[in-house]
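# Coordinates in review
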Amino acid sequence: MLTVVLTGLRDRWASFLGGFVALALGVGLLATMGLGLSATLHAPERPPQRFASSPVVVQGQDRLTLDVRRGPRTVPVELRLDRPQPVDGRVLRELRARWTVTASGGPDAVGVDAPAAEVRTLVGDRARVLTGTERAQADPDPDRDARALVGLNALLGTSGGVTAFVSVFVVASTFAFAVALRRREFGLLRTAGATPGQIRRLLLAEAAALGVLASAAGCALGALGAPLLARALVDGGLAPAWFTIGGASWPFHTAFWTGVTVALAGAVAASRRAGKVGPTAALREADVDADALPLGRAVLGTGLLLAGLGLLVWTCATEPSALLKRKTYTTLPMLLITGVALLSPLLVRPAARLLRSRGAVGTLVRENSAAAVRHTAAVAAPVLVTVALAGTLFGSATGVTRAKEAESREQTAAQYVVSGEELRPVAAPPGAVVSPTGATSVFVRDGAEAVVKYGARAVADPAAFAELARLPVVAGDLRDLDDRSIVVNEEFERHRVGETVEVWRADGSGPVRLRVAAVLALGTGDNGPYVTRANAPGSALDRIDARGGGTATVRALEASGGTVPSEHRPDGGNPQNRLGMILVLGIALVYTVIGLANTLLMATSVRGGELASLRLAGATRAQVLRVVTGEAALAVAIGTVLGLMVTGVVLGALGAGLAALSAPVVLAPPWAVIGAAAGVCATVAVASAGLPAWRLTR
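Quick notes on the rules
Residues numbered from 1 in each chain as written. Predicted model: local features only at pLDDT ≥ 70, side-chain atom pairs only at ≥ 80, totals over all residues. Heavy atoms only, no water. Salt bridge = Lys/Arg side-chain N within 4 Å of Asp/Glu carboxyl O. Helix = DSSP H or I, 4+ residues; strand = E, 2+ residues; numbered from the N terminus. Buried < 20%, exposed > 50% of the residue type's maximum accessible area, 1.4 Å probe, protein only. 1 Å grid on protein atoms, 1.4 Å probe; cavity = no way out; pocket = protein on both sides within 12 Å on 5 of 7 lines; lining within 4 Å. Points joined across faces, edges and corners; volume = space filled by probe spheres on them. Core = buried A, V, L, I, M, F, W, Y, C linked by side-chain atoms within 4.5 Å. Contact = heavy atoms within 4.5 Å. Pairing = 2+ DSSP bridges. Axes fitted to C-alpha atoms, helices over the stretch in contact; angles between N-to-C directions. Expected span 1.5 Å × (residues − 1). Polar contact = N/O pair within 3.5 Å; in protein donor to acceptor, adjacent residues only side chain to side chain. Phe/Tyr/Trp six-rings, centres within 6.5 Å; stacked < 30°, edge-to-face > 60°. Patch = residues over 30% accessible without salt bridge, like charges linked within 9 Å, V, L, I, M, F, W, Y side chains within 5 Å. Areas by Shrake-Rupley, 256 points an atom, 1.4 Å probe, with all protein chains shown as cover. Parallel < 35°, antiparallel > 145°, perpendicular 65-115°, else oblique. Left-handed = near helix turned anticlockwise from the far one by under 90°. Nonpolar A, V, L, I, M, F, W, Y, C, P; charged D, E, K, R; others polar.

### A closer look at the pattern of salt bridges
- Applying the stated criterion to the full structure yields 15 salt bridges.
- Measuring nitrogen to oxygen at the nearest pair gives 2.8 Å for the salt bridge that ties Arg457 to Asp542. Pair noted here: Arg457 is in strand β9 (residues 450-459) and Asp542 is in strand β15 (residues 541-547), with a separation of 85 residues, a long-range link.
- Here Arg457 falls in the partly exposed class, since its relative accessible area comes to 21%.
- Put simply, Arg479 and Asp477 hold a salt bridge, and the shortest N to O gap is 2.7 Å.

Next up, the structure:
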């Protein structure tokens, strides 16, 4: 058996080359992404800066601690405050009475030149005592490093998931099509006495050998590519400047065994089909695929398709806001893509019959594509993956961004919106309405089991705010907002007008009981809550809406320290997110190119007799080339249409989710991206089919 396997690999190396490259590239990308992920799991330990010379730091409380239910017990949970509380004045006096105390930059923390144990005894639970590297928690924005890694972690995780998904797809498709081309070979082996089990073991052994070799090569590629990835992420603004790859070994183990598993998994279904080949298959001359969709594949494809549709409907009905999240619109379409791809042989024949081109070339293209269902589906499937990923990723992201922009435009009647950090308050000129607001947060219990931190807006002038705001109010009135009330959205557990909500403020003070003055639709996620400045301690102005007053208003807003645009223009999408999507789509496109080239080179190379028959029947060399390239182009077109169908379903669900959230429904199919992806696929497919056909017809 081993001799047969090694001989087969040596003699048919060209047919295995595409699978080897795809698998090695996949393992290399998985190792690279794994090394990047391992580097995002822990932020670097930075030395303290603000109190570098003080051995001990006493900091005001920077966490809100509340008790929640966990089963039959009550346990405390901690949530970080926006800003630490000032150190208690009595504590400061006691510290200064005994030791040297250094103040730096604010009342929230002081440095103490004293033994840590004695300071802890004196302070008790009235403040936090920090020593060693913990002193960095008193620096400005101590969580900036960890926060910078959250988006990068999600990006690399998504890219790794897409890599695994597409690599399984390409490798499985390669093995399946290679088995279909070797049907007569297996028939001869059966005639020579080989059992179905031996045929299956032969294919699995070939897959194992290919998997081990490709995975080893992929790990080497990963070791070389990880530093390059880190540098590219930093240069593209996707990672902070200090981001580097560490020395973790688990990504190599994970990538290697994943590659071997993928190779074996891709060969399992093909080996079972090969084991069913009978001895008479060696005598078969017809090239019409009669069993292109086995029962197992049909059941699996139908199940995945129904699961994908069901999850979309369920999410839209129960939690439509989840459809706006990148994690959802990246992962859910994969179920639909896989289901449609598995069922593609069922759709190829009727789709090919729709071609109504006149003449002998058009007839041959149509009939050959409809007869060679497995070949056409093997070409269409990777195109489907790329087009569907391009449409769903970019379409969903663009749709969500434009919905947020439209919602932002609709939610203010202001002529001018000035934004920036730490804006200075301005007085309203005669005839003008000026509404300053700032960012804050509130903590609210969600039942007895959780405490939720909401990002909120602090309103400085409730009357001006109510006049300029055009928020999606579903109950109540914005004019009722005052120091004893709150505007909430429908996500709050208690969201009826007149109900009382128990709230902890941004500095941890509270609880205070605030009456619900108005309720907002959830929208795209930026609707409320709103409180007055009295319930937002420490909040700094970061936005000023204004209307009327002419040039006097413009001069007043310019004095606030912000930039005054000619009209309100909300921010566009995050360029880092777009770069991340380009990375994911680039991975899928590379795999598609490999899959198309490998499939068409294998398929066309074994058609020498067929092409010679066409020449003997009177076809010119140019006509033969047009037939072969036309079949490839038709298969790409079928894959593109199937990908557009998946895109339409996903974007339709997104539109339904936006409507359920009372947000503007803005659908933005990325035609340019889809066209570019389909164009690359068509170019590669035509070239991969045309070059071997040109050689065979010389």
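### Details of empty space enclosed by the protein
- Under the definition given, this model contains seven cavities of 30 Å³ or more.
- Estimates place the volume of the largest cavity at around 60 Å³.
- The wall of the largest cavity is formed by Leu312, Leu323, Thr328, Tyr329, Leu332, Ser396, Val650, Ala653 and Leu654.
- The set of elements that each furnish at least two residues to the lining of the largest cavity consists of α10 (326-342) and α18 (621-660).

### With respect to the nonpolar core
- If you look at the biggest cluster of nonpolar residues, it comprises 65 residues, and the most contacted ones within it are Leu152, Val166, Leu233, Phe243 and Val646.
- Counting residues per element, this core draws most heavily on helix α13 (residues 373-410), at twelve residues.
- Once residues within four sequence positions are removed from consideration, Leu152 is found in contact with Thr40, Leu233, Leu238, Ala239 and Phe243.
- If you look at the next biggest cluster of nonpolar residues, it comprises 21 residues, including Leu596, Leu611, Ala619 and Ala635.

### A word on the sheet that holds strand β4 (residues 100-103)
- Spatial ordering of the open sheet is given by β4-β5-β1-β6, a layout of four strands whose pairing is antiparallel. The sheet is open, and its two borders are formed by β4 and β6 (128-131), each paired with just one other strand. Put simply, the sheet's adjacent strands are angled 30° from each other on average, direction ignored.
- Alignment of strand β1 (residues 56-59) against β6, held across four bridges, turns out to be antiparallel. Bridge pairing in β6 links Val58 to Val129.
- Of the strands in this sheet, β1, β4 and β5 (109-113) touch helix α3 (residues 89-98), which is tilted by about 20° from β5.
- On the sheet, helix α4 (residues 116-123) packs against β1, β5 and β6 and is oriented at approximately 170° with respect to β6.

### Overview of the side chain of Thr376
- Inspection of the secondary structure assignment puts Thr376 in helix α13.
- Discounting residues that sit within four places of it in the chain, Thr376 has contacts with Val348, Ser369, Ala635 and Ile638.

### A look at α18
- In this model, α18 (40 residues) spans 58 Å end to end at C-alpha, consistent with the 58 Å of a helix rising 1.5 Å per residue.
- Ser662 sits one or two positions beyond α18 and adopts a positive phi of about 60°.

### Looking at the side chain of Ser485
- Along the chain, Ser485 turns up in strand β11 (residues 485-489).
- On the basis of relative accessible area, Ser485 is assigned to the buried category, the value being 0%.
- Within the structure, Ser485 has its side chain in polar contact with the backbone nitrogen of Asp482 (distance 2.7 Å).
- Residues within four places of Ser485 in sequence aside, it is in contact with Asp480, Leu514, Arg515, Ala517 and Asn535.

### Quick word on the packing of aromatic side chains
- Scanning the entire structure with this criterion turns up three aromatic pairs.
- When the centroid spacing of 5.0 Å and the interplanar angle of 90° are considered together, the rings of Phe256 and Trp257 count as edge-to-face.
- Between Tyr454 and Phe492, the ring centres sit 4.3 Å apart and the planes meet at 20°, which makes this aromatic pair stacked. Here Tyr454, found in strand β9, pairs with Phe492, found in the loop between β11 and β12 (500-504); they are 38 residues apart in sequence, far enough to count as distant. Like Phe492, Tyr454 is buried.

### Remarks on unusual backbone geometry
- A positive phi angle is found at Ser662, which is not glycine, with a value near 60°.
- Position of Ser662 among the secondary structure elements: in the loop between α18 and α19 (671-696).

### Digging into the environment of Ala521
- Its location among the elements puts Ala521 in the loop between β13 (512-520) and β14 (530-532).
- Remark: the alpha-carbon pair of Ala521 and Ala192, spanning 329 residues in sequence, is separated by 73 Å.
- Apart from the residues within four sequence positions on either side, Ala521 is in contact with Pro472, Val474, Asn489, Glu490, Asn527, Leu661 and Ser662.

### Points about a nonpolar patch on the surface
- Nonpolar side chains collect at one region of the surface, where Leu306, Leu309 and Val649 lie side by side and expose about 240 Å² of accessible area between them.
- Topologically, Val649 is positioned in helix α18.
- When its relative accessible area of 36% is taken as the criterion, Val649 is described as partly exposed.

### Digging into the packing of α13 against α19
- Viewed as axis vectors pointing N to C, α13 and α19 meet at an angle of 165°, and their least axial separation amounts to 9 Å. One element, α13, and the other, α19, form an angle in the roughly antiparallel class. The way α13 lies across α19 gives a crossing that is right-handed. Contact residues: α13 offers Val383, Thr386, Val387, Ala390, Gly391 and Phe394, while α19 offers Val673, Ile674, Ala677, Ala678 and Cys681.
- Residues belonging to the contact of α13 with α19 are distributed by class as follows: nine nonpolar, two polar and no charged.

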